[in-house]
Amino acid sequence: MQRFEQPTKAAVGEFLAHTLKTPQGVIKKGRQLQQQDINRLIAAGIEQIQIIRLSTGDLHENSAAIRLANEIKNRDLLIDQAEAGRCNLIASQRGLLQLDEAVIHDLNSLHESITLATLPHWSVVEQGQVVACIKIIPFAVDAALCDQWITRLDEAAPVKVQPFNALPVALLRTHSHETSIQTGDKFEQLTARRLAYYGCVLTETEQCLHSEAAITKKLETLKSRCNLILLAGHSVTLDREDVVPRALQQAGGKILRFGLPVEPGNMLLYGTLDNTTLINLPGCAKSPALNGLDLLLPRLAAGIPFTQDDLSQLGIGGLLRHQRGEFTQQSLRPVAKNILPTESAKQLNITALVLAAGRSKRMGCNKLLIPLNGRPMIQHTLDALSGDAISSITLVTGHQPEQLNNALHNHSLFPQLRIIQNPDYANGLASSLRLGLKHLPANRDGLLVMLGDMPQLTPELIEQLLARFRELNGEKIIIPCYQGKRGNPRLWPARLIPLMTLAQGDRGADFLIRQNPSWVEEIVVDDPAVIHDFDTPEAVAQWKA
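Model, not experiment: these values are computed from the prediction.

Visitor: It is not clear to me how the overall build of the protein chain should be interpreted in this structure. Could you clarify?
Guide: Of regular secondary structure, the protein chain possesses 16 helices and 30 strands. Across its three principal directions, the C-alpha atoms of the protein chain cover 95 × 70 × 40 Å. The 545 residues of the protein chain split such that 51% are buried. Sequence separation of 24 or more characterises 71% of the internal contacts of the protein chain that already satisfy a separation of 6 or more. The centroid of the 54 positive side-chain charges in the protein chain is displaced by 3 Å from the centroid of its 55 negative side-chain charges.

As structure tokens, then:
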């Protein structure tokens, strides 16, 4: 690379060494000058300029930055357009930033001309957020140096974004003989919000007496139903001989560490119980301010368990008291502006699950077979799924399965249907939901759950729900609302499907919605079809009228 001064009028095709201002605007350094640039410079009275001329084997700063960024890029990362020798790496999904610090240090030690900067290890990052940056310091760099850098990288993945899994969490609260706990109080709501922020889901809340025997019994029950138990005790645990540690060990568990090198949150206990993690919460967990729990939940949600060494190393960065105020304030908003067009978000793959197994006890007959305008009700419901937006349809039958199959034969969507019979349909809607979830196709981004007795739904209404789901990148539960009342169908993110299998009774997966309100996006619709189902002969008669 050579730098020298040259008459402006003779610099067409050369690279400008320094940014220059003209009355018509700025001409930035590194620009390959065109005749119009030369004319502007001459009109501004600039007769001499400094230019850069690349030598054989040199790579322009932008070309080098893009080349190296592509070497680091993986399925977790997108690349921005290079500008001024800088190329940003952008998170393609929300999750936890995981760095190979040794590899990054090795790359940065190769030569001062090439730098790689990142956000801190274990940062919570948003989809679209810049997490790392390649910067070429000089205007050009030797291609051989880039080759050496790539050799050092050696197919390693120094920058990754681990997605948050929908980790099922149980909250166990203890009380004394004289006190009681109000379900759904501010602490429970705060805990649900904190969990949801890190991609976890509060699936159940239990309470018991603050005694070794009562806690032991609850732990033995809960450990098979969730991956994480948060225990909020009536009194603070003081040492390993206190009630909660003894109960954990009595239940067959193990204490990995009591007392973390963090502040606030140093009185936290971390243990394991078979395949379930237990965290005995410190008193500061009642506040939205950052505490030790906020250092543990992101890694657990990303599927990265802690060892004793990991817990002992939380001290660096563990002084949280004077950092950003609340747990929701620690992640920056997305700042990427110029993601390459080829890296745009993929089209979401949505599958539908139609629940059509009920006995229709209040109707007195199978309501899905009742003719409406000459066609059975179930056919009208399926009409709403016409079009290309839904990739597959699974339909669960139960009561009178042969008659229902016959009623579907002449529907245009019949060849696409995957029909599953539920022999346990009498045990409630949840049994059909769980069975249907087990038979869903792979590679789906979202699930539309429909009830079979909603014949007034339209493809346009379904598309309205899908459009909002896409806008939110498939991250929220979409619920249609008519005049302030929530209805159906509902769109669920694929990551919540494993938790939906915990449904019981006739309320389906509503427990996830009740316990995790921040997961929900309501969409107001003008169509009352979302709240109209047909459970009685009177309802059918009114529709026919």
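Visitor: Where do I start with the pairing of strand β24 (residues 390-397) in this structure?
Guide: The side chains of a regular strand alternate between the sheet's two faces. For β24, a buried count of seven out of eight residues is recorded, marking the element as mostly surrounded by other parts of the structure. Both strand β21 (residues 350-356) and β24 contribute to a ladder of seven bridges, which runs parallel. Paired with V354 across the two strands is L395, which belongs to β24. Here five bridges tie β24 to strand β25 (residues 417-421), and the two strands are oriented parallel to one another. From the neighbouring strand, I393 faces β25, where its bridge partner is L417. Once the chain exits β24 it traverses helix α11 (residues 401-408) before rejoining the sheet at β25, and the crossover so formed is right-handed.

Visitor: Just checking my understanding: could you explain the pairing of strand β5 (residues 48-53) for this structure?
Guide: Pairing of strand β1 (residues 2-7) with β5, which is carried by six bridges, proceeds in the antiparallel orientation. Among the inter-strand pairings, F4 is bridged to a residue of β5, identified as I51. Where strand β2 (residues 15-16) and β5 come together, two bridges link them in antiparallel fashion. Bridging across to β5, F15 finds its partner in I52.

Visitor: Just checking my understanding: could you explain helix α8 (residues 293-301) for this structure?
Guide: Burial analysis of α8 places eight of its nine residues in the buried class, which makes it a mostly covered element. Within α8 the residues assigned to the buried category are L293, D294, L296, L297, P298, R299, L300 and A301.

Visitor: Help me understand the nonpolar core in this model?
Guide: One recurring pattern in soluble globular proteins: nonpolar side chains tend to sit buried together. One finds L385, L447, L448, W492 and M500 to be the most contacted residues of the largest nonpolar core, which totals 68 residues. Broken down by element, this core gets its largest block of residues, six residues, from β21. The contacts of M500, once residues within four sequence positions are left out, are L433, L437, L447, V449, W492, A509 and L512. Counting 38 residues, the second-largest nonpolar core is a separate cluster that includes L202, A232, V262 and L268.

Visitor: Please explain the packing of aromatic side chains as it appears in this structure.
Guide: Note on aromatic pairs: each is described by the distance of the centres and the angle between the planes. In total, this model carries three aromatic pairs according to the counting rule given. Here Y197 and Y198 contribute two aromatic rings whose centre-to-centre distance is 5.0 Å and whose plane-to-plane angle is 80 degrees, an arrangement assigned as edge-to-face. You can call Y197 buried: its relative accessible area is 12%. For the pair Y270 and F306, a centre-to-centre distance of 5.8 Å together with 70 degrees between the ring planes defines the contact as edge-to-face.

Visitor: I tried to follow the packing of helix α3 (residues 101-108) against helix α4 (residues 143-153) on my own but got confused; where do I start?
Guide: Each pair of packed helices gets described by two things: the angle between the helix axes and the distance between those axes. Packing of α3 against α4 brings their axes to within 10 Å, and their N-to-C directions diverge by 160 degrees. Here α3 lies roughly antiparallel to α4, going by the angle between them. For the pair α3 and α4, the sense of crossing is right-handed. Along its contact with α3, which presents V103, D106 and L107, the element α4 presents W149, R152 and L153. Class assignment for the residues of the contact of α3 with α4 results in four nonpolar, no polar and two charged.

Visitor: Could you clarify how one ought to interpret a nonpolar patch on the surface in this entry?
Guide: Where nonpolar side chains cluster on the molecular surface, the patch consists of V236, L238 and M267 and spans about 280 Å² of accessible area. Along the chain, the position of M267 falls in the loop between β18 (254-258) and β19 (269-273).

Visitor: Honestly, the pattern of salt bridges in this entry has me stumped. Any pointers?
Guide: Pairing between side chains of opposite charge can happen when the charged atoms of each approach one another. Scanning all chains against the criterion turns up 25 salt bridges. Close ionic contact of D37 with R31 constitutes a salt bridge, the shortest N to O distance being 2.8 Å. Residues R94 and E126 are paired through a salt bridge, measuring 3.1 Å at the closest nitrogen-oxygen approach. Within this pair, whereas R94 is found in the loop between β8 (86-91) and β9 (95-99), its partner E126 is found in the loop between β11 (124-125) and β12 (130-136), the two being separated by 32 residues in sequence. Accessibility expressed as a relative area gives 12% for E126, which makes it buried. Put simply, E204, E206, K218 and R225 are held in one network by salt bridges that share partners.

Visitor: Sorry if this is basic, but what is going on with the sheet that holds strand β16 (residues 200-209) here?
Guide: Strand pairing in a sheet relies on backbone hydrogen bonds. The paired strands run either parallel or antiparallel. Strand order in the open sheet formed by six strands is β16-β15-β17-β20-β19-β18, and the pairing between neighbours is mixed. Both outer strands of the open sheet, β16 and β18, are each paired with one neighbouring strand and no more. Taken pair by pair, the neighbouring strands of this sheet meet at an average axis angle of 20 degrees, ignoring direction. Relative to β19, β18 runs antiparallel, the two sharing four bridges. The partner of K254 across the bridge, within β19, is T272.

Visitor: Looking at this structure, how should I read the sheet that holds β1?
Guide: Spatially, β1-β5-β2 is the arrangement adopted by the three strands of the open sheet, whose pairing is antiparallel. Lying at the two open borders of the sheet, with one neighbouring strand each, are β1 and β2.

Visitor: How should I be thinking about the environment of K73 in this particular structure?
Guide: Within the secondary structure, K73 sits in the loop between α2 (61-72) and β7 (77-79). Between the alpha carbons of K73 and L499 there is a distance of 31 Å; along the sequence they are 426 residues apart.

Visitor: Just checking my understanding: could you explain helix α13 (residues 459-471) for this structure?
Guide: For the α-helix, the turn length of 3.6 residues means that residues three or four positions removed from each other point alike. Taking 1.5 Å of rise per residue, the 13 residues of α13 would be expected to cover 18 Å, and the 18 Å separating its terminal C-alpha atoms lies within 8% of that figure. Listed in full, the buried residues belonging to α13 are L461, I462, L465, L466 and F469. The arc that holds every buried residue of α13, seen down its axis, measures 135 degrees, which confines them to one face. Facing away from the buried surface of α13 by more than 90 degrees, the exposed residues are E460 and E471.

Conventions used here
- Counting from 1, residues in each chain are numbered in the order their sequence is written.
- pLDDT decides what is reported in this predicted model: residues at 70 or higher carry local features, side-chain atom pairs at 80 or more are listed and counted, and totals for whole chains, interfaces and linings draw on all residues regardless.
- Working from all heavy atoms in the structure, the side-chain values ignore hydrogens and water.
- Here a strand is any run of E in DSSP of at least two residues, a helix any run of H or I of at least four, and the numbering for each starts at the N terminus.
- Only protein chains enter the area calculation, which uses a 1.4 Å probe; residues under 20% of their type maximum are buried, those over 50% are exposed, and those in between are partly exposed.
- We call two residues in contact when some of their heavy atoms are within 4.5 Å.
- Note on charges: Lys and Arg go in the positive column, Asp and Glu in the negative column, and His and the chain ends are not counted at all.
- Charge positions come from single atoms, namely NZ of Lys, CZ of Arg, CG of Asp or CD of Glu.
- Any two strands between which DSSP finds at least two bridges are classified as paired.
- The handedness rule is simple: strands pointing away from the viewer, and a clockwise path from the first strand over the helix to the second, make the crossover right-handed.
- Side-chain atoms within 4.5 Å are what join buried Ala, Val, Leu, Ile, Met, Phe, Trp, Tyr and Cys residues into a set we call a nonpolar core.
- To pair, rings of Phe, Tyr and Trp, with the six-membered ring standing in for Trp, must have centres within 6.5 Å; the planes then decide the type, stacked if under 30 degrees apart, edge-to-face if over 60, and tilted in the middle.
- Only the stretch in contact is used when fitting a helix axis, every axis being a line fitted to C-alpha atoms; angles between N-to-C directions are given from 0 to 180 degrees.
- Orientation categories follow fixed angle ranges, with anything under 35 degrees roughly parallel, anything over 145 roughly antiparallel, 65 to 115 roughly perpendicular, and all other angles oblique.
- The sense of a crossing depends on the near helix, which, turned anticlockwise from the far helix by less than a right angle, makes the crossing left-handed and, turned clockwise, makes it right-handed.
- Three classes are used, and their members are as follows: Ala, Val, Leu, Ile, Met, Phe, Trp, Tyr, Cys and Pro are nonpolar, Asp, Glu, Lys and Arg are charged, and the others, Gly among them, are polar.
- Residues enter patches when they are more than 30% accessible in relative terms and free of salt bridges; like-charged ones are connected within 9 Å and nonpolar ones (Val, Leu, Ile, Met, Phe, Trp, Tyr) within 5 Å.
- Residue burial considers only the protein chains on display, and all accessible areas are found by Shrake-Rupley using a 1.4 Å probe.
- Counted as salt bridges are all cases of a side-chain nitrogen of Lys or Arg within 4 Å of a carboxyl oxygen of Asp or Glu.
- By definition here, a helix of n residues has an expected span of 1.5 Å times n minus one.
- Here, the arc refers to the directions that run from the helix axis to the C-beta atoms.

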